[in-house]
Amino acid sequence: MNIGIKDVLQRIRVFFIIYLVLLCGCLIIKLIFTKDEIYFAVNSRYYPWADWIAPYITDLGNGWTIVILSAILVLFNYRAAFLMITTFVITSLSVQVAKFIFDAPRPKLYFKDQLSRLHFVKGVEILSHNSFPSGHTLTAFATGVVITYLVKDKRWSILLIVYGVLVGLSRMYLSEHFFEDVVSGSVMGVFLTIFWISYIDSRKFLNTPKWNRGLLGKSRS
């Protein structure tokens, strides 16, 4: 079974079109406003309910969340679980390499002389280094691409886009990342996943009957 980039894009077209529109909007924002202005536009608008929910939203982009999701998928479809976990591994390794190369300061270090302006959520560990790009945002968007690719009902694309955006916003709200980190993380997550799926899902072994069933035994084509 030959799966090319065009085939992947066709299967995720709703997700991809919405994403490109949002990406264009982000680029316009970046052209109009400075790094500091964008950051404080998000971080300075804080509320008790947002302080409570933001850490939970950001955890949806955590690696353990994807590991648990992959473990659940194993029950129903080995191929789906394999695509999910290998995508996570490939994209996570890529983002760690990028973080090491750029070694960009996070808000806490970048604004070290004006920390009183930053809003920190109590109980959240605030890091100082390796800000660019955002790994949580990358994971959220990569996961969104994989799920969109796998599900038959493409209306899920809208919810998955919202999921990625909320994770990205939570990273800024929690003073963990800048706008540039979040946008770049999403770009890496979307495009690396598209390339990876187009490569790995063409492998013959993944398209055999035994890979299209799970531990529960039911075959799913």
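As the structure is a prediction and not an experimental result, all values here were calculated from the model.

Regarding helix α6 (residues 78-102)
- End to end, α6 covers 36 Å across 25 residues, agreeing with the expected 36 Å (1.5 Å per residue, within 8%).
- Of the residues flanking the start of α6, the one acting as N-cap is Asn77, its side-chain oxygen 3.0 Å from the backbone nitrogen of Arg79.
- Positive phi appears at Asp103, one or two residues downstream of α6, with a value of about 45°.

Let's talk about the packing of helix α2 (residues 13-32) against helix α9 (residues 156-173)
- It is at 9 Å that the axes of α2 and α9 come closest, and there the two elements cross at 40°. With respect to α9, the axis of α2 lies oblique. At the point where α2 passes α9, the crossing takes the right-handed sense. Here α2 contributes Val14, Phe15, Ile18, Tyr19 and Leu22 to the contact with α9, which in turn contributes Ser157, Ile158, Leu160, Ile161 and Val165.
- When its residues are assigned to classes, the contact of α2 with α9 shows 9 nonpolar, 1 polar and no charged.

Quick notes on the environment of Val151
- One can find Val151 in the loop between α8 (135-150) and α9.
- Given a relative accessible area of 23%, Val151 falls into the partly exposed group.
- Sequence separation between Val151 and Ile12 is 139 residues; the distance between their C-alpha atoms is 9.6 Å.

Some remarks on helix α3 (residues 35-43)
- Of the positions making up α3, those classed as buried are Ile38, Tyr39, Phe40 and Asn43.
- Those residues of α3 hidden inside the fold are in contact with α2, α7 (107-110), α9 and α10 (179-200).

Section: the nonpolar core
- Formed by 32 residues in total, the largest nonpolar core has its most connected members in Phe15, Tyr19, Val145, Tyr149, Val190 and Ile194.
- Put simply, the parts of the chain that give this core at least two residues each are α2, α6, α8, α9 and α10.
- Looking at this core, the element that brings in the most residues is α10, giving 8 residues.
- Every residue in contact with Tyr149, bar those within four places of it in the chain, is listed here: Ile3, Val8, Arg11, Ile12, Arg79, Leu83, Lys154, Ile197 and Asp201.

Let's talk about the side chain of Ser157
- Along the chain, Ser157 falls in helix α9.
- By relative accessible area, Ser157 is classed as buried at 1%.
- Leave out the neighbours within four places in its chain, and Ser157 touches Val14, Phe15 and Thr148.

What to know about the pattern of salt bridges
- Inspection of every chain in the model, using the stated rule, returns 4 salt bridges.
- Of the charged contacts in the structure, one is a salt bridge between Glu180 and Lys30, with a shortest N-O distance of 2.4 Å. Of this pair, Glu180 sits in helix α10 while Lys30 sits in helix α2; the two residues are 150 residues apart in sequence, bridging distant segments of the chain.
- On the basis of relative accessibility, which here comes to 17%, the residue Glu180 falls in the buried class.
- Between Glu176 and Arg106 there is a salt bridge, with its nearest N and O atoms 3.8 Å apart. Taken together, the residues span a long stretch of sequence, with Glu176 in the loop between α9 and α10 and Arg106 in the loop between α6 and α7 at a distance of 70 residues.
- Relative accessible area serves as the criterion here: at 4%, Glu176 is assigned to the buried category.
- Given the relative accessible area of 5%, Arg106 is considered buried.

What counts, and at which threshold
- Residues numbered from 1 in each chain as written.
- Predicted model: local features only at pLDDT ≥ 70, side-chain atom pairs only at ≥ 80, totals over all residues.
- Heavy atoms only, no water.
- Helix = DSSP H or I, 4+ residues; strand = E, 2+ residues; numbered from the N terminus.
- Expected span 1.5 Å × (residues − 1).
- Polar contact = N/O pair within 3.5 Å; in protein donor to acceptor, adjacent residues only side chain to side chain.
- Axes fitted to C-alpha atoms, helices over the stretch in contact; angles between N-to-C directions.
- Parallel < 35°, antiparallel > 145°, perpendicular 65-115°, else oblique.
- Left-handed = near helix turned anticlockwise from the far one by under 90°.
- Contact = heavy atoms within 4.5 Å.
- Nonpolar A, V, L, I, M, F, W, Y, C, P; charged D, E, K, R; others polar.
- Buried < 20%, exposed > 50% of the residue type's maximum accessible area, 1.4 Å probe, protein only.
- Core = buried A, V, L, I, M, F, W, Y, C linked by side-chain atoms within 4.5 Å.
- Salt bridge = Lys/Arg side-chain N within 4 Å of Asp/Glu carboxyl O.

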